[in-house]
Amino acid sequence: MASSYSQEWRAVCDKFRDSQTLSDVESRNDPENDPFRSKYKARDLLKEIYTVLNNFDIGETENDENDAECQTEEPVDGAKGEACGRSCPGDSSAGIRAAKLGVIEYYLGVNHLETEELSAGEEHLMKCMKLLERCTITQENVSLCIQARNQLGILWAGRDETEKAQGFLETAESIYIRYMKEDGQPPMDLTEFFVGEEDQLSQQERTKRFEMAYTHTLYYLAQVYKNLEQFERAGKYCHSTLQRQLEFNQFVPLEWAINAATLSQYYITKTRYMEGRHCLAASSVILGLAGEVPSEAAAQESEVEYERREQLRQKRAEIGRCWIKYCLNLLQDARKLLEDNIGELDVDRQAELRRTRRDEEEERERERKSTVLFSSSDTFDSICALEDKVSCIFPLDFDEARAVFLVGQNYVCEAKEYFEMDGHVTDHIEILQDHSALFKVLAFFDEDLERRCKMHKRRVDLLEPICKDLNAQYYLLVCRQLQFELAETYYEMMDLKLALADRQDDLDAHTVKKFNHLCSSSMRFYDMFLDSTRSPEGKFPDKLEDDLLRPALVAKFRVARLQSKLISSSPTVQIDNLNLSLEAYQFVVQYCKKHPESKAAVETELELSEEMVNLLPIKINRIRAKITTN
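Residues numbered from 1 in each chain as written. Predicted model: local features only at pLDDT ≥ 70, side-chain atom pairs only at ≥ 80, totals over all residues. Heavy atoms only, no water.

## Thoughts on the overall build of the protein
Looking only at helices and strands, one finds 23 helices and two strands in the protein. Relative to a compact globule of 630 residues, whose C-alpha radius of gyration would be 25 Å, the protein shows 34 Å and is clearly more extended. Projected onto its principal axes, the C-alpha positions of the protein cover 130 × 60 × 55 Å. Taking all 630 residues of the protein together, the buried fraction comes to 47%. Residue pairs at least 24 apart in sequence account for 71% of intrachain contacts in the protein once pairs closer than 6 positions are excluded. Averaging the coordinates of the 81 positive side-chain charges in the protein and doing the same for the 115 negative ones gives two points 7 Å apart. (Helix = DSSP H or I, 4+ residues; strand = E, 2+ residues; numbered from the N terminus. Rg over C-alpha atoms; globule rule 2.2 N^0.38 Å. Buried < 20%, exposed > 50% of the residue type's maximum accessible area, 1.4 Å probe, protein only. Contact = heavy atoms within 4.5 Å. Lys, Arg positive; Asp, Glu negative; His and termini not counted. Charge placed at Lys NZ, Arg CZ, Asp CG, Glu CD.)

Set out below in structure tokens:
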């Protein structure tokens, strides 16, 4: 009798193994016209196993369910308010039988999800949970309890039922925490119910698989919290997921590196630069574990090597772009701390921050480092070395800002190697815009006005050739961005030259010519920007769209100011320039009168425009009077 039972059980185990092979291995080779062939075969085997299991140990189970081990207890997850009634220990005969049936229901559920039969998949997973709900959590069933809820969480998230997904996943999390607190021993893996004793997993492998299941729980919770716009919690869970993947060596280097780099961008938006830098340093180091980029020659000889080369180059460039954003945002946030009400460096504020910074930042970094480290014995030194190359505290002077700038510029060069203009137009231009922004914010820290002018000239050299070559019909938004930035850059250069001119007693012809060139160039790009808003017939819109309202009115305002700044020895030319300036100021005033709701967007510019509309006619009349007198 025992021999017959043993043979039957061996046949069950063989069928289970075959179903796993069909589902995980042979299904990869299924033909396109029958993509789920192996999955369906695996399903048939699982159904056969379920039928056999229902006939095993019935007598033992009935006795066990009535013995003293059964007791009254709340549901495992307190779910849905269902009364649990009498519960049985998970390691009793009844509990183990429930777990075995639950495993088959679980795999049937996953099988149906994989074949896109979602309702049937949900039904089997819920049956799995139902089988276990009267059992206490033990080594035998804890992994199954968590993985079933993981799958239901994924299912409901895919249906955009985020709160339902949240419920299943948070219950899975609480089951893990409770088990580790009350027991903590490496639990059985789902597959171990259907193997012989000689094939049972080691304690180490059990731990690895169990921890992987919980890592998946945290990963899915991170996505759920992100979709619920609970970004702080999402960031925390994403960070924990990445930590655990490293700790248990359960990661694909390319995927892990990109996820860590993406997380860095969240920290940057929260001005948590120490964490952002750590994520990026870890990302770069782990990317290196994916191996060297194949040479161009090797890529030409093998399609596999070509795809690997392109993938590695792309991921490295994407991580490089995240480093650029880190450096740029660090500099820009430092500028916000240091600038006065007219956008210049506030030296008193600079001195104050310098006095208080060191002790506060060092203490803050010590506190954070104890909780956010991504590392293993193999990567710790490399990550720390990369972190040391760039600061995570706000730069307070030009030398400190330049050190951050140079790191960002290095990654600009790296990113452009992959994102070339040919084939990656939008990405390439965005990188150039970031490079320009790095020069712009570095100029803020420099007290040398001539050197600041040269930095803005570098911005022009970066963007103007692209702006001229780009087809506005296909890249209208990008063209507008470039036109406005170039106009602003020339405008800033004009202001710097004006400040330098104020230090001189007399302006020579070269200085005048240079100054007028800057004014004209700025006006030209502002006009190009404004012209891009016109209809095909050349008519300016009666009412500007919300996203164009402030930029367009600011452009008009600045054209008015630039027109009045042009230097000419001819009174007639001066009057012409002032009349054009007056027209532009009047446009701003009249538009805001016609559309009162637009005043809030340009309060300062409107106030100055109203003043100039009153003052310029007086100035024009004075010049005319001089002409008449002469």
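## A look at the pattern of salt bridges
By the definition in use, this model includes 39 salt bridges. Note that Arg321 is salt-bridged to Asp427, the shortest N-O span being 2.8 Å. Taken as a pair, Arg321 in helix α13 (residues 303–338) and Asp427 in helix α17 (residues 425–445) lie far apart in primary sequence, 106 residues in all. Taking the relative accessible area as the measure of exposure, Asp427 reaches 25% and is therefore partly exposed. Put simply, Asp189, Glu205 and Arg209 are held in one network by salt bridges that share partners. (Salt bridge = Lys/Arg side-chain N within 4 Å of Asp/Glu carboxyl O.)

## A word on the side chain of Thr215
As for its placement among the helices and strands, Thr215 is situated in helix α8 (residues 203–227). Once residues lying within four places of it in the same chain are set aside, the contact partners of Thr215 are Thr241, Arg244, Gln245 and Gln250.

## Thoughts on the packing of aromatic side chains
Under the counting rule described, the total for this entry stands at 26 aromatic pairs. Judged by centre distance (5.2 Å) and plane angle (5°), the ring pair of Trp323 and Tyr411 falls under stacked. In this pair, Trp323 is assigned in helix α13 and Tyr411 in helix α16 (residues 398–418), connecting sequence segments 88 residues apart. The class of Trp323 is buried, set by a relative accessible area of 1%. Taking the centre distance of 5.2 Å and the plane angle of 85° together, the rings of Phe444 and Phe445 count as edge-to-face. Here Phe445 falls in the buried class, since its relative accessible area comes to 3%. Cluster of aromatic residues (ring-pair linked, three or more members): Trp9, Phe16, Tyr106, Tyr107 and Phe194. Between Lys164 and the ring centre of Trp156, over which it is positioned, the NZ or CZ distance is 4.1 Å. (Phe/Tyr/Trp six-rings, centres within 6.5 Å; stacked < 30°, edge-to-face > 60°. Lys NZ or Arg CZ within 6 Å of the ring centre and 35° of its normal.)

## Description of the packing of α13 against α16
Between α13 and α16, the shortest axis-to-axis distance is 8 Å and the interhelical angle comes to 155°. It follows from the interaxial angle that α13 and α16 lie roughly antiparallel. As for the relative orientation of α13 and α16, their crossing is left-handed in sense. Contact residues: Glu310, Arg313, Gln314, Arg316, Ala317, Gly320, Arg321, Trp323, Ile324, Cys327, Leu330 and Leu331 in α13; Ala401, Val404, Phe405, Val407, Gly408, Tyr411, Val412, Glu414, Ala415, Glu417 and Tyr418 in α16. Looking at the contact of α13 with α16 residue by residue, the classes come out as 14 nonpolar, three polar and six charged. (Axes fitted to C-alpha atoms, helices over the stretch in contact; angles between N-to-C directions. Parallel < 35°, antiparallel > 145°, perpendicular 65-115°, else oblique. Left-handed = near helix turned anticlockwise from the far one by under 90°. Nonpolar A, V, L, I, M, F, W, Y, C, P; charged D, E, K, R; others polar.)

## Remarks on helix α18 (residues 449–469)
Taking 1.5 Å of rise per residue, 21 residues should cover 30 Å, and α18 covers 31 Å from first to last C-alpha, within 8% of that figure. Largest kink in α18: about 30°, centred on Leu463, with the proline Pro465 one to four residues after it. Of the residues making up α18, those classed as buried are Leu449, Arg452, Cys453, Met455, His456, Arg459, Val460, Leu462, Leu463, Glu464, Ile466 and Cys467. Buried positions along α18 lie against α16, α17, α19 (476–501) and α20 (509–531). With a side-chain oxygen positioned 3.0 Å from the backbone nitrogen of Glu450, the residue opening α18 is Asp448. (Expected span 1.5 Å × (residues − 1). Bend = angle between axes of the 7 residues up to and from the residue. Polar contact = N/O pair within 3.5 Å; in protein donor to acceptor, adjacent residues only side chain to side chain.)

## A word on unusual backbone geometry
The backbone phi angle of Glu116 is positive, close to 65°, even though this residue is not glycine. Positionally, Glu116 belongs in the loop between α4 (93–114) and α5 (118–132).

## A word on a negative patch on the surface
A contiguous patch of negative charge on the surface is contributed by Glu603, Glu607, Glu610 and Glu611. The topology assignment puts Glu611 in helix α23 (residues 603–629). Given a relative accessible area of 40%, Glu611 falls into the partly exposed group. (Patch = residues over 30% accessible without salt bridge, like charges linked within 9 Å, V, L, I, M, F, W, Y side chains within 5 Å. Areas by Shrake-Rupley, 256 points an atom, 1.4 Å probe, with all protein chains shown as cover.)

## Concerning the confidence of the model for the protein
The predicted model of the protein averages 89 in pLDDT, with 91% of residues at 70 or higher. Ignoring residues within four places in sequence, the model shows residues 58–86, a span with pLDDT below 50, making 51 contacts including any to other chains. (pLDDT = per-residue confidence, 0-100.)

## As for the packing of α8 against helix α9 (residues 231–247)
One way to put it is that α8 packs onto α9 with a least axis distance of 8 Å and a crossing angle of 155°. Viewed along their axes, α8 and α9 adopt a mutual orientation that is roughly antiparallel. With respect to the hand of their crossing, α8 and α9 are arranged in left-handed fashion. Along its contact with α8, which presents Glu211, Tyr214, Thr215, Leu218, Tyr219, Leu221, Ala222, Tyr225 and Lys226, the element α9 presents Phe231, Arg233, Ala234, Tyr237, Cys238, Ser240, Thr241, Arg244 and Gln245. Of the residues assigned to the contact of α8 with α9, the class counts are ten nonpolar, four polar and four charged.

## Describing the layout of surface pockets
Considered as a void within the structure, the largest pocket measures approximately 870 Å³ in volume. Around the largest pocket, the lining is made up of 27 residues, and of these Ile342, Glu344, Tyr491, Glu492 and Asp495 lie nearest the centre. Mapped onto the lining of the largest pocket, the elements with two or more residues apiece are α17, α18, α19, α21 (546–565) and α23. Here the element with the most residues in the lining of the largest pocket is α19; it accounts for seven residues. Taken together, the residues of the lining of the largest pocket break down into eleven nonpolar, four polar and twelve charged. Taken as a whole, the second largest pocket spans an internal volume of roughly 720 Å³. Surrounding the second largest pocket, 29 residues form its lining, Gln20, Asp24, Tyr106, Tyr107 and Gln147 being those nearest its centre. The set of elements that each furnish at least two residues to the lining of the second largest pocket consists of α1 (2–24), α2 (37–55), α4, α6 (142–158) and α8. (1 Å grid on protein atoms, 1.4 Å probe; cavity = no way out; pocket = protein on both sides within 12 Å on 5 of 7 lines; lining within 4 Å. Points joined across faces, edges and corners; volume = space filled by probe spheres on them.)

## Here's the deal with the nonpolar core
With 117 residues, the main nonpolar core has Trp323, Tyr326 and Phe445 as its most contacted residues. Sort the elements by how many residues they give to this core and α13 lands first, with 13 residues. Not counting chain neighbours up to four residues away, the residues in contact with Tyr326 comprise Ile268, Tyr273, Gly276, Arg277, Leu280, Val390, Ser391 and Cys392. Core analysis: the next-biggest nonpolar cluster, separate from the first, contains 49 residues, Ile137, Ile146, Trp156 and Leu218 among them. (Core = buried A, V, L, I, M, F, W, Y, C linked by side-chain atoms within 4.5 Å.)

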